[in-house]
Amino acid sequence: MNISIKLFLLSIIALTSCRSKDIVLPAQDLPAGMVHFQNENTLGAVLDKAKAKDKLVFVDFYTDWCIGCKLMDQDVFTDKPMADFLNDNFVSYKINAEKANGPDLAQLYQIQVYPTLLFLDDRGRVVTRKDGTAYFTELRKLGEDALAIKESGTTP
């Protein structure tokens, strides 16, 4: 194999290993078909946004080393129908469970598996929860269940 082909393959590998979540853009600057995760330093600020918009909060607890987290970033959170569903119905927030206030929140919500996906009311109470990776059908069902619980007025 000649050197130019090796360089080309190496470039492809380097580009595909970059994670889009490392770059946080304002929601209006994100390409269509991506989940708009909030760029806030605290969960409290996200809860305030959710209350102002009368929405639930979708939280993705992740770590940098979590393979399932990376797969969800690559496949699920970039899927246009899924992104539209989450963006239309929830205020979304990613929390690195090992950095900043992530360890405190992980302890508060008893996070032991990554990813852990939570749907919270505007007071931070868990409406629905999934420990581990959830792909399209399962994540959509969790979101729909959370919305149904909110509509019924039986949130925790």
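Since the structure is predicted, the reported quantities are computational estimates derived from the model, not experimental observations.

Peer 1: Residue-level account of the pairing of strand S4 (residues 126-131), with values.
Peer 2: Of the strand pairs in this sheet, strand S3 (residues 116-120) and S4 are connected by five bridges, and their pairing is antiparallel. Paired with Leu120 across the two strands is Val126, which belongs to S4. Following S3, the chain reverses through five residues before pairing antiparallel with S4; Gly124 in that reversal takes a positive phi of roughly 90°.

Peer 1: Could you give an account of the environment of Val35, naming the residues involved and the relevant values?
Peer 2: Along the chain, Val35 turns up in the loop between helix H1 (3-16) and helix H2 (43-53). In this structure the C-alpha to C-alpha distance between Val35 and Phe77, which are 42 residues apart in sequence, comes to 5.4 Å.

Peer 1: Describe the packing of aromatic side chains, naming the residues involved and giving the relevant values.
Peer 2: If you walk through the whole model with that rule in mind, you get nine aromatic pairs. Ring centres of Phe58 and Phe77 lie 6.0 Å apart, and the angle between their planes is 65°; this geometry places the pair in the edge-to-face category. Pair noted here: Phe58 is in strand S1 (residues 56-62) and Phe77 is in the loop between helix H3 (67-76) and helix H4 (80-89), with a separation of 19 residues, a long-range link. Residue class for Phe58 comes out buried when judged on its relative accessible area of 0%. Note on Phe77: relative accessible area 3%, which makes it buried. Between Tyr135 and Phe136 the ring centres are 5.7 Å apart and the planes differ by 75°, which places this aromatic pair in the edge-to-face class. Classification of Phe136 by relative accessible area gives partly exposed; the value is 31%. An aromatic cluster is built from Phe37, Phe58, Phe77, Phe85, Phe90 and Phe119, whose rings are joined through pairwise contacts. Seen from the ring of Phe37, Lys94 lies directly overhead, with NZ or CZ sitting 4.7 Å from the centre. Positioned above the aromatic ring of Tyr62, the side-chain terminus of Lys94 is 5.0 Å from the ring centre.

Peer 1: With reference to specific residues and values, describe unusual backbone geometry.
Peer 2: Residues Tyr114 and Pro115 are joined by a peptide bond in cis, for which omega reads -5°. Its location among the elements puts Pro115 in the loop between helix H5 (102-108) and S3. The phi dihedral of Ala100 falls on the positive side, at around 50°, and the residue is not glycine. Within the secondary structure layout, Ala100 lies in the loop between strand S2 (90-96) and H5. Relative accessible area serves as the criterion here: at 78%, Ala100 is assigned to the exposed category. Despite not being glycine, Gln110 shows a phi value in the positive range, around 55°. Of note, Gln110 is situated in the loop between H5 and S3. On the basis of relative accessibility, which here comes to 61%, the residue Gln110 falls in the exposed class.

Peer 1: Account for the nonpolar core, naming residues and giving values.
Peer 2: The nonpolar side chains of a soluble globular protein tend to be buried with one another. Core analysis: the biggest nonpolar cluster contains 19 residues, and Phe58, Phe77, Leu86, Phe90, Phe119 and Leu139 have the highest contact counts within it. Elements supplying a minimum of two residues to this core: S1, H3, H4, S3 and helix H6 (136-152). When residues in this core are grouped by element, the largest group, four residues, is from H4. Apart from residues no more than four positions distant in its own chain, Leu86 is found in contact with Val35, Phe58, Phe77, Ser92, Phe119 and Leu139.

Peer 1: Explain a nonpolar patch on the surface residue by residue, including any values.
Peer 2: Residues Ile67, Leu71, Tyr135 and Phe136 make up a contiguous nonpolar surface patch of about 340 Å² in total accessible area. Within the element layout of this structure, Phe136 appears in helix H6.

Quick notes on the rules
- Residues numbered from 1 in each chain as written.
- Predicted model: local features only at pLDDT ≥ 70, side-chain atom pairs only at ≥ 80, totals over all residues.
- Heavy atoms only, no water.
- Pairing = 2+ DSSP bridges.
- Helix = DSSP H or I, 4+ residues; strand = E, 2+ residues; numbered from the N terminus.
- Phe/Tyr/Trp six-rings, centres within 6.5 Å; stacked < 30°, edge-to-face > 60°.
- Buried < 20%, exposed > 50% of the residue type's maximum accessible area, 1.4 Å probe, protein only.
- Lys NZ or Arg CZ within 6 Å of the ring centre and 35° of its normal.
- Core = buried A, V, L, I, M, F, W, Y, C linked by side-chain atoms within 4.5 Å.
- Contact = heavy atoms within 4.5 Å.
- Patch = residues over 30% accessible without salt bridge, like charges linked within 9 Å, V, L, I, M, F, W, Y side chains within 5 Å.
- Areas by Shrake-Rupley, 256 points an atom, 1.4 Å probe, with all protein chains shown as cover.
- Salt bridge = Lys/Arg side-chain N within 4 Å of Asp/Glu carboxyl O.

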